[in-house]
Amino acid sequence: MADASTSVRAAVEAAYRARTEESRAWYERASRSLAGGVSGAVRYFAPYPTYIRDGSGAELIDLDGNRLIDCFLSGATALLGHHEPSVAAATRAATERSSLLFNPTHATETAEQLCAMVPAVERVRFVNSGTEAVMNALRIARAFTGRAKVVKFWGTYHGMDDQVLTGLDARRRVLGGGIPASLVADIVHADINDLDGVAQVLAGGDVAAVLLDPTMHHCGLWAPPPAHQQALQQLVQDAGALLVVDEVISGFRLAPGGGQEYFGLQPDLCVFGKAFAVGERLGAIGGRAEVMAVTDAARTHGGPFAFQSGTCNDSTVSHAAAQAAMARYRALGPAGYAAAAALAQRLAEGLTAAFIAHGVACHANHLGPMVRLFLTAGPATAEHCTRLPSAPIDTFHLALLTEGVLTLPGSNDFFLSFAHTDVHVEQVIAAAGRVLDTFDIAALVAEAGGAPQ
Ligand code: PMP
């Protein structure tokens, strides 16, 4: 039996190597200067990553000249597609001005647009990434409430700050080294589905914030229904804690007003990144005026103060991109969002059917323009699916690259953009069918046992 995983994997790697010689050579070169050959852990996959030359719309060209349908969107940022004309024109014009100005008017304009699109956002501060936005939101919540603890649901990712790199999967451990226990000491893990458990934690009276990714993306898009999320909000706010909605994934992707619009939430604070400036560097913390007032350097309100700053928060190009992107999201309207969600539903159904036709049990979650795939006949729950063996799905995603579809090997994500069409989606489903015809993924699944690890 050990032969199937070795030989199927070897066949997929051979097919990958045969069409990515330039990427292989670049990986060797990159590894001599760039640590590990890439600029972030999730950009690497074995045997070596694909290096991309350029992108347009929903498609990419790699160094070897292969055309790829992009279902990773550069970490879910390219929600409007690559090189979207209105964003490209805005950023081109912005490069005619100085890249960073002291108190530029464009920061106010971006804030005005965000406040107009997201009702819970009455005041805004800008940063450069989702990670920074989460860090700042937690500091603001702690300053406002005078409390230290933060509730984090297991299975969620909220960026690279030490304190939130914990409980990313069902094992509830800290991710990697370099994070002393003292830095996660004020994080309390909870189960999103266990509202009684959350209520018990809140009863201690020492919780500053409950941090919620309403999509539950990292552990597999196991988003609880709106009524559950609204009940959670009620519990949190009744306990005098703040609900911090992390919109880094859901923002602009589920609705122009983000996950909070989609799930009917009214958070105290929320954070944006990724699709906010579609690849330019901009994150935001927004929320109730009374809460955000803690960042006010003039201290006009006379209450607590939280330091919030950052040298590059006002980048001319980033703000131009965000303003153009927000205008596009508004212009798409409900029909544009419904069409993207319908494409994701078609993709989920097509992929599931392809696996089942090849004798592999499969479950797919889809939410907005996102799909997650689980090769299992077991219970469709996060607890079960986050423990599945990863080798079969990793090999499937590597094989998809050989058929012209970029997803992220090492994850089971498919991200669609507003530039994807039904033709792209049918091509991805057809590519999955060819992978399953060519490579015995069923043998890999059988050998891995499909049993939780
Ligand atoms: N929150 C969520 C929900 C995310 O998915 C991510 C990134 N994947 C972050 C925060 C961190 O954002 P960034 O990578 O821009 O720091």
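**Notes on the overall build of the protein**
Okay, step 1: Per the secondary structure count, the protein includes 15 helices and 14 strands.
Okay, step 2: Relative to the 2.2 N^0.38 estimate, which gives 22 Å for 453 residues, the radius of gyration of the protein is 22 Å and therefore close to what a compact globule would have.
Okay, step 3: The principal-axis extents of the C-alpha atoms in the protein amount to approximately 70 × 55 × 45 Å.
Okay, step 4: Here the contacts in the protein between residues at least 6 apart in sequence split such that 71% fall between residues at least 24 apart.
Okay, step 5: Total accessible area on the protein is roughly 18200 Å²; 54% of this is exposed by carbon and sulfur atoms.
Okay, step 6: Seen as two clouds, the 32 positive and the 44 negative side-chain charges of the protein have centres 4 Å apart.

**Considering the site of the ligand**
Okay, step 1: Neighbouring the ligand are the residues Ser129, Gly130, Thr131, Tyr157, His158, Gly159, Asp213, Asp246, Val248, Ile249 and Lys274.
Okay, step 2: Contacts to the ligand include Gly130, whose backbone N or O atom sits 2.9 Å from an oxygen atom.
Okay, step 3: In the environment of the ligand, a nitrogen atom lies 2.6 Å from a nitrogen or oxygen atom belonging to the side chain of Asp246.
Okay, step 4: Its free accessible area being 390 Å², the ligand has 81% of it covered by the protein chains.

**Section: the packing of helix α7 (residues 195–202) against helix α8 (residues 226–238)**
Okay, step 1: Direction vectors running N to C along α7 and α8 enclose 15°, while the axes themselves pass 10 Å from each other. With respect to their mutual orientation, α7 and α8 come out roughly parallel. In terms of crossing hand, the pair formed by α7 and α8 is right-handed. Across the interface between the two elements, Leu195, Val198, Ala199 and Leu202 from α7 touch His228, Ala231, Leu232, Leu235 and Val236 from α8.
Okay, step 2: Among the residues making up the contact of α7 with α8, the classes are represented as eight nonpolar, one polar and no charged.

**With respect to α8**
Okay, step 1: With 13 residues, α8 extends 18 Å between its outermost C-alpha atoms, agreeing within 8% with the 18 Å of an ideal straight helix rising 1.5 Å per residue.
Okay, step 2: One or two residues past the end of α8 sits Gly240, with phi positive at roughly 75°.

**Some points on the state of the cysteines**
Okay, step 1: Under the defined criterion, the tally for this structure stands at zero disulfides.
Okay, step 2: Cysteine Cys362 shares no disulfide, and the gap to the nearest cysteine sulfur, in Cys385, comes to 9.8 Å.

**Re unusual backbone geometry**
Okay, step 1: A cis geometry characterises the amide bond from Ala46 onward to Pro47, with omega recorded as 5°.
Okay, step 2: Among the secondary structure elements, Pro47 is positioned in the loop between α2 (21–31) and β1 (52–56).
Okay, step 3: Located in the positive-phi region is Ser74, a residue other than glycine, with phi close to 50°.
Okay, step 4: Considering the arrangement of structural elements, one finds Ser74 in helix α3 (residues 73–76).
Okay, step 5: Accessibility expressed as a relative area gives 45% for Ser74, which makes it partly exposed.

**Overview of the domain arrangement of the protein**
Many analyses report the size of an interface as the accessible area lost when the parts associate.
Okay, step 1: Split by domain assignment, the protein resolves into domain 1 (2–82 + 333–448) and domain 2 (100–314).
Okay, step 2: A separation of 29 Å is found between the C-alpha centroids of domain 1 and domain 2.
Okay, step 3: Listed as interface residues are 27 residues of domain 1 and, on the opposing side, 24 residues of domain 2.
Okay, step 4: Of the roughly 2100 Å² buried at the junction of domain 1 and domain 2 (both faces included), carbon and sulfur atoms supply 67%.
Okay, step 5: Taken together, the links from domain 1 to domain 2 amount to zero salt bridges.
Okay, step 6: For the side of domain 1 that touches domain 2, the secondary structure elements donating two or more residues are α3, β11 (363–367), β12 (370–374), α12 (382–385) and β14 (413–415).

**Some thoughts on the side chain of His319**
Okay, step 1: Relative to the elements of secondary structure, His319 occurs in helix α11 (residues 316–357).
Okay, step 2: Given the relative accessible area of 0%, His319 is considered buried.
Okay, step 3: Polar contacts involving the side chain of His319 include one to the side chain of Thr110, which spans 2.8 Å.
Okay, step 4: Within the structure, His319 has its side chain in polar contact with the backbone oxygen of Asn313 (distance 3.1 Å).
Okay, step 5: In this structure His319 touches His106, Ala107, Thr110, Phe126, Leu282, Asn313 and Asp314, once residues within four positions along its chain are discounted.

**A few points about the sheet that holds strand β4 (residues 123–127)**
Across a sheet, paired strands are connected by hydrogen bonds in the backbone, their directions being either parallel or antiparallel.
Okay, step 1: Spatially, seven strands are ordered β4-β10-β9-β8-β7-β5-β6 in an open sheet, and the strand pairing comes out mixed. Because the sheet does not close on itself, it has two edges, and the strands there are β4 and β6 (187–190). Adjacent strand axes in the sheet meet at a mean angle of 20° when their direction is disregarded.
Okay, step 2: With respect to the sheet, helix α5 (residues 105–117) is in contact with β4, β9 (269–272) and β10 (283–287), its orientation differing from that of β4 by roughly 125°.

**Re the nonpolar core**
Okay, step 1: Core analysis: the largest hydrophobic core is formed by 66 residues, its most contacted members being Leu114, Phe153, Phe252, Phe272, Phe276 and Tyr329.
Okay, step 2: By residue number, the principal contributor to this core is α11, which donates nine residues.
Okay, step 3: Of the residues that make up this core, three or more belong to each of domain 1 (2–82 + 333–448) and domain 2 (100–314).
Okay, step 4: Excluding residues that lie within four positions of it along the chain, Tyr329 makes contacts with Leu79, Leu80, Met117, Phe252, Pro256, Ala275, Val278, Tyr337 and Phe418.
Okay, step 5: The next biggest cluster of nonpolar side chains, apart from the first, holds 45 residues, and it includes Ile69, Leu343, Ile393 and Val435.

**Concerning the sheet that holds strand β13 (residues 405–406)**
Okay, step 1: Taken in spatial order, the four strands make up an open sheet running β1-β2-β3-β13, and their pairing is mixed. If you trace the sheet from one side to the other, it starts and ends with β1 and β13, each paired once.
Okay, step 2: Note that strand β3 (residues 67–70) and β13 share two bridges and pair parallel. Along β13, the bridge assignment pairs Ile69 with Val405.
Okay, step 3: Along the sheet face, helix α14 (residues 422–438) touches β2 (59–62), β3 and β13 and points at about 110° away from the line of β3.

Cut-off values and rules
Residues take numbers from 1 onward in each chain, read along the sequence in its written order. Reporting in this predicted model follows two pLDDT cut-offs: at least 70 for local features of residues, and 80 or more for side-chain atom pairs to be given and counted; totals over whole chains, interfaces and linings ignore these cut-offs and use all residues. Note that the side-chain values use all heavy atoms of the structure and ignore hydrogens as well as water. Each helix is a run of DSSP H or I of at least 4 residues and each strand a run of E of at least 2, with the numbering of both proceeding from the N terminus. Just to be clear, the radius of gyration here is over C-alpha atoms, and the globule rule we use is 2.2 Å times residues to the power 0.38. In what follows, residue pairs with any heavy atoms lying within 4.5 Å of each other are defined as contacts. Surface accessibility in these figures is a Shrake-Rupley result with a 1.4 Å probe; residues are shielded only by whichever protein chains are displayed. When charges are counted, Lys and Arg contribute as positive and Asp and Glu as negative, whereas His and the chain ends are disregarded. For this purpose, a charge sits on NZ of Lys, CZ of Arg, CG of Asp or CD of Glu. The cutoff for a nearby residue is simple: one of its non-hydrogen atoms must lie within 4 Å of the molecule or strand. Pairing of N or O atoms within 3.5 Å defines a polar contact, subject to two protein rules: one partner must be a possible hydrogen donor and the other a possible acceptor, and residues neighboring in sequence count only if both atoms are side-chain atoms. Convention adopted: a line fitted to C-alpha atoms gives each axis, helices being fitted over their contacting stretch, and angles between N-to-C directions are expressed from 0 to 180 degrees. Working definition: roughly parallel below 35 degrees, roughly antiparallel above 145 degrees, roughly perpendicular at 65 to 115 degrees, and oblique for all remaining angles. The hand of a helix crossing depends on one turn: near helix anticlockwise from the far one by less than a right angle means left-handed, and clockwise means right-handed. Under the grouping applied here, Gly and all other residues not named as nonpolar or charged are polar, the nonpolar ones being Ala, Val, Leu, Ile, Met, Phe, Trp, Tyr, Cys and Pro and the charged ones Asp, Glu, Lys and Arg. Helix span, as expected, comes to 1.5 Å for every residue beyond the first. Pairs of cysteine sulfur atoms within 2.5 Å are identified as disulfides in what follows. Burial status follows relative accessibility: with a 1.4 Å probe on protein chains alone, a residue under 20% of its type maximum counts as buried, one over 50% as exposed, and anything between as partly exposed. Each domain's extent is set by a domain assignment, obtained either automatically or from a database. When two parts are brought into contact, each loses some accessible area as probed by a 1.4 Å sphere; the total of that loss over both is the buried area. Each reported salt bridge corresponds to a side-chain nitrogen of Lys or Arg within 4 Å of a carboxyl oxygen of Asp or Glu. Following DSSP output, two strands are said to pair if at least two bridges run between them. Buried Ala, Val, Leu, Ile, Met, Phe, Trp, Tyr and Cys residues that are joined via side-chain atoms within 4.5 Å together make up what is termed a nonpolar core.

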